[in-house]
Amino acid sequence: MISCNDVVVVVPHYSYTKNIPSIVSELRENFDIILVNDGCSSLQYDGITILKTDGVGFSQAVNVALSYAQSQGKKWGFILNDDAFISNSSLMSIVSNLEGNSLYAPVVVSENKKCYGFDVSFWGRVNEIRNRNKKPKALCGAALLMPTWIRFDSNFVHGMEDVELSLRAQRLGMAIHTCEKVFAFHKEGETISKQSYEAQRAACFWTNVLVSELRFFCRYFIVSTDTQRRIKQDLKI
């Protein structure tokens, strides 16, 4: 059975610090916490592990924390945005129902709406699911419980890294679950605005995914050597 000692809370931080004291105060009694300082501010909390990265972005900052947590024997990491919040009892409720290698997320409440995950169309269109009866194809990374052995794709610096991870995890045979009776609260865009250059650039989701799929095509499908060479040159593989 999974216990709270098997789980570490990972909070990547860039510049938004207003919410961090509340997160630490709420969760530290039952969970170890790792703060990843990816910005220039100074954070000091007794008994809290603080890792420093240098503007590497959300995905890589989380990966650094997961690697550290894994080295410390932690089996699960709960990723929580620095502009999100979950109660201690809510997180314990998720942990009490963990089983197997899966991804878990609470319902994420923001701007008076509830997100049960994401639907991803065949052509890559990503839409929030606001109906609890529809099964998601991807989970929201604002509050996400995941095994410490898996990593985000660092090519997704800020945005869509949760969608890519969810799809890749399912290709590996993992399940994804929305915990419909558990809620986390998210102030969208407090860390980096959705309209910022960084967010807009990263939101070109299928640019990265299609390159990945074409790499797979070149390597595993039967096409002529000359065709493989020309495709690889075009993609700069």
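Residues take numbers from 1 onward in each chain, read along the sequence in its written order. Owing to the predicted nature of the model, reporting of local features is limited to residues with pLDDT of at least 70; listing and counting of side-chain atom pairs is limited to 80 or more, with chain, interface and lining totals taken over all residues. For the side-chain quantities, the full set of heavy atoms in the structure was used; hydrogens and water were omitted.

Enquirer: What am I meant to see in the overall build of the protein here?
Expert: A run of H or I in DSSP becomes a helix once it reaches four residues, and a run of E becomes a strand once it reaches two; helices and strands are each numbered from the N terminus. When you go through the protein residue by residue, the secondary structure sums to 7 helices and 11 strands. Three exposure classes are used, based on accessible area relative to the maximum for each residue type with a 1.4 Å probe and protein chains only: buried under 20%, partly exposed in between, and exposed over 50%. The 237 residues of the protein split such that 46% are buried. We call two residues in contact whenever any of their non-hydrogen atoms come within 4.5 Å of each other. Long-range contacts, defined here as pairs at least 24 residues apart, represent 68% of the contacts in the protein between residues at least 6 apart. Accessible surface computed for the protein: about 12600 Å², of which carbon and sulfur atoms make up 50%. The method behind every accessible area is Shrake-Rupley, applied with a 1.4 Å probe, and residues are considered shielded solely by the protein chains displayed.

Enquirer: Where do I start with helix α3 (residues 88–95) in this structure?
Expert: Spacing of three or four residues puts side chains on the same side of an α-helix, whose turn is 3.6 residues. Those residues of α3 that sit buried are Asn88, Ser90, Leu91, Ile94 and Val95. An end-on view of α3 places all buried positions within 165 degrees of arc, on one side of the element. On its buried face, α3 sits against β1 (7–13), α1 (20–27), β4 (76–80), β6 (102–110), β10 (143–147) and β11 (175–186). What the arc measures is the spread of directions leading from the helix axis to the C-beta atoms.

Enquirer: Before we go on, may I ask you to explain the pattern of salt bridges in this structure?
Expert: Working definition: two side chains of opposite charge can pair if their charged atoms are close together. Any carboxyl oxygen of Asp or Glu that lies within 4 Å of a side-chain nitrogen of Lys or Arg is treated as forming a salt bridge with it. Evaluation of the coordinates by the stated rule reveals 6 salt bridges. We note a salt bridge from Glu128 to Lys113, for which the minimum N-O separation is 3.6 Å. Pair noted here: Glu128 is in strand β9 (residues 126–128) and Lys113 is in strand β7 (residues 113–115), with a separation of 15 residues, a long-range link. The exposure class of Glu128 is partly exposed, given its relative accessible area of 28%. Linked through salt bridges whose partners overlap, the residues forming this network are Lys113, Glu128 and Arg130.

Enquirer: Please clarify how the environment of Ile86 should be interpreted in this entry.
Expert: Mapped onto the secondary structure, Ile86 falls in the loop between β5 (84–85) and α3. Residue class for Ile86 comes out buried when judged on its relative accessible area of 0%. Ile86 sits 60 residues away from Glu26 along the chain, and the two C-alpha atoms are 8.2 Å apart. Excluding residues that lie within four positions of it along the chain, Ile86 makes contacts with Glu26, Leu27, Phe78, Leu80, Leu91, Ile94, Pro106, Val182, Phe183 and Ala184.

Enquirer: Mind showing me how you'd approach the confidence of the model for the protein here?
Expert: Detailed reading of the predicted coordinates is not advisable wherever pLDDT falls low. pLDDT gives the predictor's per-residue confidence on a scale running from 0 to 100. Taken as a whole, the protein shows an average pLDDT of 84; of its residues, 78% reach a score of 70 or greater. Note on residues 193–197: pLDDT is under 50 here. Beyond four places in sequence and across chains, it has 5 contacts.

Enquirer: What should I look at first to understand the packing of aromatic side chains in this one?
Expert: Aromatic ring pairs are defined here through the distance separating the ring centres and the angle between the ring planes. Pairing of aromatic side chains here covers Phe, Tyr and the six-membered ring of Trp, requires ring centres within 6.5 Å, and sorts the geometry by plane angle: under 30 degrees stacked, over 60 edge-to-face, intermediate tilted. By the definition in use, this model includes 2 aromatic pairs. Judged by centre distance (6.1 Å) and plane angle (65 degrees), the rings of Trp76 and Tyr104 are edge-to-face. In this pair, Trp76 is assigned in strand β4 and Tyr104 in strand β6, connecting sequence segments 28 residues apart. Taking the relative accessible area as the measure of exposure, Trp76 reaches 5% and is therefore buried.

Enquirer: Is there a simple way to explain unusual backbone geometry in this structure?
Expert: Backbone geometry follows two general trends: most residues other than glycine have a negative phi, and most peptide bonds adopt the trans configuration. The backbone of Asn112 shows a phi angle near 60 degrees, a positive value even though the residue is not glycine. Position of Asn112 among the secondary structure elements: in the loop between β6 and β7. You will see that Met160, though not glycine, has its phi angle at about 70 degrees, which is positive. When you line up the elements, Met160 lands in the loop between β10 and α4 (161–171). On the basis of relative accessibility, which here comes to 24%, the residue Met160 falls in the partly exposed class.

Enquirer: Would you mind showing me how to read the environment of Val163 here?
Expert: Considering the arrangement of structural elements, one finds Val163 in helix α4. Put simply, Val163 and Lys137 are 26 residues apart on the chain and 8.1 Å apart in space, counted from C-alpha to C-alpha.

Enquirer: Teacher, can you tell me more about the pairing of β4 here?
Expert: Regular strands show a simple pattern: their side chains alternate between the two faces of the sheet. With 5 of 5 residues buried, β4 lies mostly within the body of the structure. Side-chain alternation along β4 places Trp76, Phe78 and Leu80 on one buried face and Gly77 and Ile79 on a second face that is also buried. Here β1 runs beside β4; their pairing, made up of 4 bridges, is parallel. Along β4, the bridge assignment pairs Val10 with Ile79. Strands pair, by our definition, only if DSSP identifies at least two bridges between them. Pairing analysis gives 5 bridges linking β4 to β10, with the strands arranged antiparallel. Paired with Phe78 across the two strands is Leu145, which belongs to β10.

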